[in-house]
Every structure is written in C-alpha cells, then in structure tokens.
Amino acid sequence: MKLFSRLKNYLTAKPEVKLATYRSYGTASHLYLLGRAIDDDNLKMHEDQSFFRTLGNTYKQFDSYEIANTGVTLSLPNGTELTTKTNAEGYFLFDKTISLNLKEFADDGGWLKLKCSFSNEVPNSIITNENNFEAELLIPPQKATFGVISDIDDTILHTGVTSFLKWRLIKNSLFKNAHKRISLEGAPKFYRDLHAGKKGNEQNPMIYLSNSPWNLYEYLKLFLEINDFPKGPILLRDFRTPFDRTLKPEKPHKQKEIINILKTYPHLNFILIGDSGEHDPAIYTEIAAQYPDRILAIYLRSVKHRRQMRRVRSIVDNFETVPLLMVETSEQAREHARQHGFI
C-alpha cells in the first residue's frame, strides 16, 4: 500500500520551474536579454562526478519542460518593470530602447545585474528561488578600445566538429564532464590579454559565439569559468530537430549575431577569432568585406582537416581587406596582436 502511495505522490507532484537567463549585451539606453521558462532540473556538475552522472546531466539539459505563453517581468534598477511573454518553446526576449541610463548602474567591468520573475503563478507548478531570478547584461565601459568576438567550438575548446558524422563533437559535448574539458593551449591567457588591452585595464568586451544549442549554455559557461576565460556574453542558438518545419533564418546564426553586435556598438572596432573547420572563414571574411573599417583582424585557428583546409586556403589566400592570420597556436596570434598594439 505504501508503494502505491509513493507512486501516486510521484506522479502527481508539481514540477519545479524557473527562469533561465543568458548573459547578453546592451548599451546605456538599449537592453537585449534572452531567457527561457523551463523546469528546474537542479543541474549539478561536479569535478569528480561519474560518467553516469555526466550522462544524467546531459539528459536533463535536453529533456526540458518548456513553459509557453507565460508572462515574464524584468525589473530595472530604478523600479521600472518591463513585461513580455514566452513563445511556444518557452523563450522570452527583452529587446527595448529605454530612457533610463543603464550604464550608471553597471559595475566597473560594465556588468549590469537585473531581476526577472514570472508575472503570475504558473499553473500546476512550483516556482523556485522565491520567483527571483538574476540576469546579467554587459555594457562595455568607456575605457574599452575594441571588442573581441570569438567562436567556441575548436577555437578555444576542442570539440571535433570536423570529424566524420561529427561523432567526436557528440562524444565531447554530451558525454564529457565540463571540468575535464581542456581549453586549447594558451587560449585563456591570450583572451585575458585582449580583455586587458594595451593599457592593461581597458576591460574590452569579450563575446562568445557557438552553434551549440541553448541547452548547453550552463555547460559552456562552466567551461569558460573553470579555464579562467574573461567573462562575457555567450550567444548560442535554438535547437532545431529534423521535424522542425519553421522557416530557417536567412543568415547563419553567427553572421546574424556579429552584424547585430557591430550595429549595437558603432564606436567599437572588433577582432574576430574562429577556426578553419566549418563556416568561420567564409562568414568572417564576408563581414570584414562589408565592414572593412570595423574589423581590426581575423585570427583563424587551423584545424587538421585536409579537405576543409583546401577550401579555406582558397578564401584566405585571396583576402586582403583586413589582416587575416591562420595560426597553429595562440602564441602566433598573440605576437600579431602585440605588434599591432592590441595588447
């Protein structure tokens, strides 16, 4: 009888839900903040966790319960509240120009802390954290002299994105503990140097891009923190299944995000960092050709893939619009950055 009672309680228990917010960017008068209303999976990623715990974490990240068409409130530092609603997949977006000077409320590094909450009760659910969820927005400080937009996959984190049927990418991203993922040699120090700039205290904005789905946000955020990369917005993309019949975006995810960043900060020039494995060379050179006065340099980490390298060489060898370096190591990129006064 007790067994049936426990089973009944388990089956009728209300799910715990939360607002997952993603580090983003903005200006003194414009905020751009994305998040998602989902079940609280109580994700715990320990350094010494077993393979099965890692597998369980992966399952939790992708087996999410999304809360559609629910109200979300964003509280600004002066008490003003903005509201929006989640879409069918639980995502919400605040993309708004406001009269408040947000920069006055940011810390020395340009980070602005905001609060998100569910506007109303979520039916048949328990809202965790007393319905108080923190969000972070980067507003580049005045002393910043340039920005850096960096890919993650095979640029600072070995994923095997060019492997046959991407099996190494799947293995590394889904079945490896974030604590045991090793950054590519020299990358954290190089990125810290770029963040500090030539003067050593410039706080140049670092923005990380990946074609990974938002489901892996906490995993990638933890990897960046463990390896001491400079803190920055992490921009991922929605996970599309083979059964997704919605229209695909006209432009690739990375291209759209980079163009939006350039338009958001017209006073800042940027360094683009990627790898030669997939589409970075074509996307980066196209953007540099479109904005030749805004891109200071392009650094592409060489990925050992013969067919890809032939294609990339055909792009790189004929490109002269902005400095473009194919590098084997971070030290090669650091030396170029030093010679050009970036660090």
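The preceding data block contains the structure.
Let me sum up the structure you'll find in this document. Counting restarts for each chain, with residues numbered from 1 along the sequence as it is written. Where totals are concerned, whole chains, interfaces and linings use all residues; where local detail is concerned, this predicted model gives features only for residues with pLDDT of at least 70, and gives and counts side-chain atom pairs only at 80 or more. As a rule here, side-chain values come from all non-hydrogen atoms in the structure, and water together with hydrogens is ignored.

A word on the overall build of the chain
Then, number 1: We count a stretch as a helix when DSSP gives it H or I for four or more residues in a row; a strand needs E for two or more, and each element gets its number in order from the N terminus. Within the chain, the regular secondary structure consists of nine helices and 14 strands.
Then, number 2: Exposure categories follow from relative accessible area, calculated using a 1.4 Å probe and restricted to protein chains: below 20% of the type maximum is buried, above 50% is exposed, and the middle band is partly exposed. Expressed as a percentage of its 343 residues, the buried residues of the chain come to 52%.
Then, number 3: By definition, residues are in contact when any of their heavy atoms lie within 4.5 Å. The long-range fraction of contacts in the chain, counting pairs at least 24 apart against all pairs at least 6 apart in sequence, stands at 72%.
Then, number 4: About 17800 Å² of surface is accessible on the chain, with carbon and sulfur atoms providing 52% of the total. Surface accessibility in these figures is a Shrake-Rupley result with a 1.4 Å probe; residues are shielded only by whichever protein chains are displayed.

Here we look at the sheet that holds strand 12 (residues 270–275)
Then, number 1: Read from one edge to the other, the open sheet built from six strands follows the order 11-10-9-12-13-14, with strand pairing classed as parallel. Edge positions in the sheet fall to strand 11 (234–237) and strand 14 (324–327), since each has one partner strand and no second. In this sheet, adjacent strand axes meet at a mean angle of 20 degrees when their direction is disregarded.
Then, number 2: Two strands pair under a simple rule: DSSP has to find at least two bridges between them. Sheet analysis places strand 12 next to strand 13 (residues 295–301), joined by six bridges and oriented parallel. The residue bridging D275 from the neighbouring strand is R301, located in strand 13. For helices, the axis comes from a line fit to the C-alpha atoms of the stretch in contact; other axes are also lines fit to C-alpha atoms, and the angle between any two N-to-C directions lies between 0 and 180 degrees.

Digging into unusual backbone geometry
Then, number 1: Of note, N69 is a non-glycine position whose phi angle comes to about 55 degrees, a positive value.
Then, number 2: We classify N69 as exposed; its relative accessible area is 56%.
Then, number 3: Positive phi values are uncommon outside glycine, yet Q203 reaches one of about 55 degrees.
Then, number 4: Along the chain, Q203 falls in the loop between helix 4 (187–196) and strand 10 (206–213).

A word on helix 5 (residues 217–226)
Then, number 1: Burial within helix 5 is extensive, with seven of its 10 residues counted as buried.
Then, number 2: All of the buried residues in helix 5 are Y217, Y219, L220, K221, L222, F223 and L224.
Then, number 3: Just downstream of helix 5 lies D228, where phi reads positive at about 65 degrees.

Details of the side chain of T70
Then, number 1: Counting through the fold element by element, T70 comes out in the loop between helix 2 (51–62) and strand 3 (71–75).
Then, number 2: Excluding residues within four positions of it along the chain, T70 makes contact with A37, T84, K85, T86, F118 and V122.

Quick notes on the packing of aromatic side chains
Then, number 1: By convention, a stacked pair of Phe, Tyr or Trp rings (six-membered ring in the case of Trp) has centres within 6.5 Å and planes under 30 degrees apart, an edge-to-face pair has planes over 60 apart, and any other such pair is tilted. A full pass over the atoms with the stated rule returns 13 aromatic pairs.
Then, number 2: An angle of 5 degrees between the planes, with centres 6.5 Å apart, marks the rings of Y191 and Y208 as stacked. Of this pair, Y191 sits in helix 4 while Y208 sits in strand 10, and the two are 17 residues apart along the sequence. Of the two residues, Y191 and Y208, neither departs from the other in class, the shared state being buried.
Then, number 3: Chaining the aromatic ring pairs together yields one cluster made of F190, Y191, Y208, F223, F229 and Y299.
Then, number 4: For a lysine, the NZ atom is tested; for an arginine, the CZ atom; a charge sits over a ring if that atom is within 6 Å of the ring centre and within 35 degrees of the ring normal. Geometry around W111 places R23 over its ring, the cationic atom sitting 6.0 Å from the centre.

Shape is all these values report; function is a separate question.
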